[in-house]
Amino acid sequence: MGKKEDKIIQLPYGITVRELAGRLDTSAVQVIKILMSNGVMASINQTIDFDTAAVVATELGFEPQLEQEEVIEEELGEIPLWRRVIKEEEKESLTARPPVITILGHVDHGKTTLLDAIRNTNVAGGEVGGITQHIGAYQISYKGRPLTFLDTPGHAAFSSMRARGAQGADIVVLVVAADDGVQPQTREAANHAKAAQVPIVVALNKIDKAGANEDRVMRQLSDIGLQPEAWEGETFVMPVSAKNREGLEDLIETILLVADNMTIKANPKGDCIGTVVEARLEKGRGHLATLLVQNGTLKVGDVVVAGEATGKIKAMFDQRQKRVSKAGPSTPVLVMGMNALPEAGDLFQVVASDREGRAMVAQRKAEREAKRNIKRATLEELFNRYKSGEAKELRLILKADVQGSLEPITNELEKLSGQHKDISVKVLHAETGNVTESDIMLAAASNAVVMGFDVSIDQGARRLADTEGVSIRLYNIIYRMVEDVDKALSGLLEPEMVERVIGKAAVLATFKVSKGGTAAGCRVLSGEFRRNASVRITRAGEEVAVVEIAGIRREKDEVREVREGMECGITLKNFEDFEVGDLFECFVVEKFGG
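Residues numbered from 1 in each chain as written. Predicted model: local features only at pLDDT ≥ 70, side-chain atom pairs only at ≥ 80, totals over all residues. Heavy atoms only, no water.

1. Considerations on the state of the cysteines
Inference 1: With the rule as written, the count across this model stands at zero disulfides.
Inference 2: Distance from the sulfur of C586, which forms no disulfide, to the nearest cysteine sulfur (C568) is 10.0 Å. (Disulfide = S-S within 2.5 Å.)

2. As for the packing of aromatic side chains
Inference 1: Tallying each qualifying case throughout the model produces three aromatic pairs.
Inference 2: Here F578 and F584 contribute two aromatic rings whose centre-to-centre distance is 6.1 Å and whose plane-to-plane angle is 70°, an arrangement assigned as edge-to-face.
Inference 3: F578 gets classed as buried once you look at its relative accessible area, which sits at 5%.
Inference 4: We classify F584 as buried; its relative accessible area is 0%. (Phe/Tyr/Trp six-rings, centres within 6.5 Å; stacked < 30°, edge-to-face > 60°. Buried < 20%, exposed > 50% of the residue type's maximum accessible area, 1.4 Å probe, protein only.)

3. Concerning the nonpolar core
Inference 1: Counting 41 residues, the largest nonpolar core has L20 and I440 as its most contacted members.
Inference 2: For this core, the secondary structure elements donating two or more residues are strand 1 (7-11), helix 1 (17-23), helix 2 (28-37), helix 3 (50-59), helix 14 (437-446) and helix 15 (459-468).
Inference 3: The biggest single contributor to this core is helix 2, with seven residues.
Inference 4: Core analysis: the second largest hydrophobic core is formed by 28 residues, I103, A117, L248 and I264 among them. (Core = buried A, V, L, I, M, F, W, Y, C linked by side-chain atoms within 4.5 Å. Helix = DSSP H or I, 4+ residues; strand = E, 2+ residues; numbered from the N terminus.)

4. A word on helix 15
Inference 1: All of the buried residues in helix 15 are G460, A461, L464, A465, D466 and E468.
Inference 2: Where helix 15 terminates, the next one or two residues include G469, which has phi positive at roughly 75°.

5. Section: the sheet that holds strand 19 (residues 323-324)
Consider a sheet: its strands pair through backbone hydrogen bonds, and that pairing is either parallel or antiparallel.
Inference 1: Spatial ordering of the open sheet is given by 17-16-22-13-14-21-18-19, a layout of eight strands whose pairing is antiparallel. Two strands in the sheet have a free side with no partner beyond their single neighbour: strand 17 (309-312) and strand 19. (Pairing = 2+ DSSP bridges.)

See below:
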């Protein structure tokens, strides 16, 4: 790989692998590969120091320099993309914008109750309620100061935003129940916020409950690196009762105090960019997307590109369904006019014309399809590379249901290394839990195979594996897993059957068909649907069933396939329990290796 023309790049004291890749205009996989070649194992969301980042930058032809403190202070609170979008001459035009807040925490600790309590608090205008439409984000006004809240499903959505290059929030409110304390999702949410380098304010909820123990929770917070301010730390811990609406004003005051210590700015006259909060298909209104403007001003008539969707904005609505003509920084709006549904967390930008928007989307689709053709690092392929002298080890990433399963698996794999003289097994990463996006990124960077025992695959990880060309093999019997690795090392393993997603569709209606049974009236959102393929049905993010397609009809005609943007009726073999709002994912099973 030839080096780029040498140029100076400013890097901070600490930076995540993903953000570094963005600054260097390369892929996260490439950055991880360079780190590995220098003996550093880092995941995509891990923060590395300046010296480590400088090694990567130098190898890619840059001359790294440490950012000066004033630069760091000036850019606090800006999303990473702004460093590439805001021009130097625009920085004089930066003005204060409302802070954006996300509420995270463990299930049942009161996130929803707290969101509802804040949603119905509008102290400055003496207004209670008034928000009649859920658009995934909303603003309140406190003593004349607006605050924007992201009403997301939790840290998974927060992480999804960061995974696509956006920093959706300036401040995270971490909800911890006073009677239950720090739980696994509490730790995970805190880690996501730390990785994004976003300040954390803890809302100690349910202080009215009989089992509340504030001191115990304070100790637990200290154990996960959130030393309470009352204990001479830097984390504000605010006691609240969302149910009884106690302590809400103190919490909001604290959020504003944290915001005042940050430089939260944007340029209302600059390039318009922001984040997709959520998107949905609505009968009679078409594709609807909630956009959070983070720089510039979004106006009706603007042409927007978000992910693989584009379109001219026909109408915009605020959280009260009131039509608006423009929206400035930190303002959430519901927009009409997109030609497809963008994904939550996609970055959006305003472009000059429909033609430019369509060209950008076409290029992105072409790049995605090109990535799909990458040959997977299957067990069989790795053995072929060994025979040709390209590989000396089989690299694996192991995921298991419990620690007690990991130990016997790794022990057996170590024995296999001793039995095969010229090729060894190297376990790069072994951990309990489902297969995640982070596992896939590590596998893609290191040319490894992901193997799981009694675990499932996160939806995002499944999509990423398909894009990055990573092979995942799941087992529920240990000896079969070990046996497959042994066969791979011996070159005897049968070809692997792998799913490839070819299209997605939303169920708009259900209706009876003349031959009996029920059909799903669908609109194809992306890709295509084929009569000889299968469908994975998901409802509210949960998998419902996997079934074969029985038939596809366009109006009155039976057809072999339908493509993006078309509406059709789909019948499934021995399955009719689909509902309006379900998502159909069409896939085919193909052979890899052998």
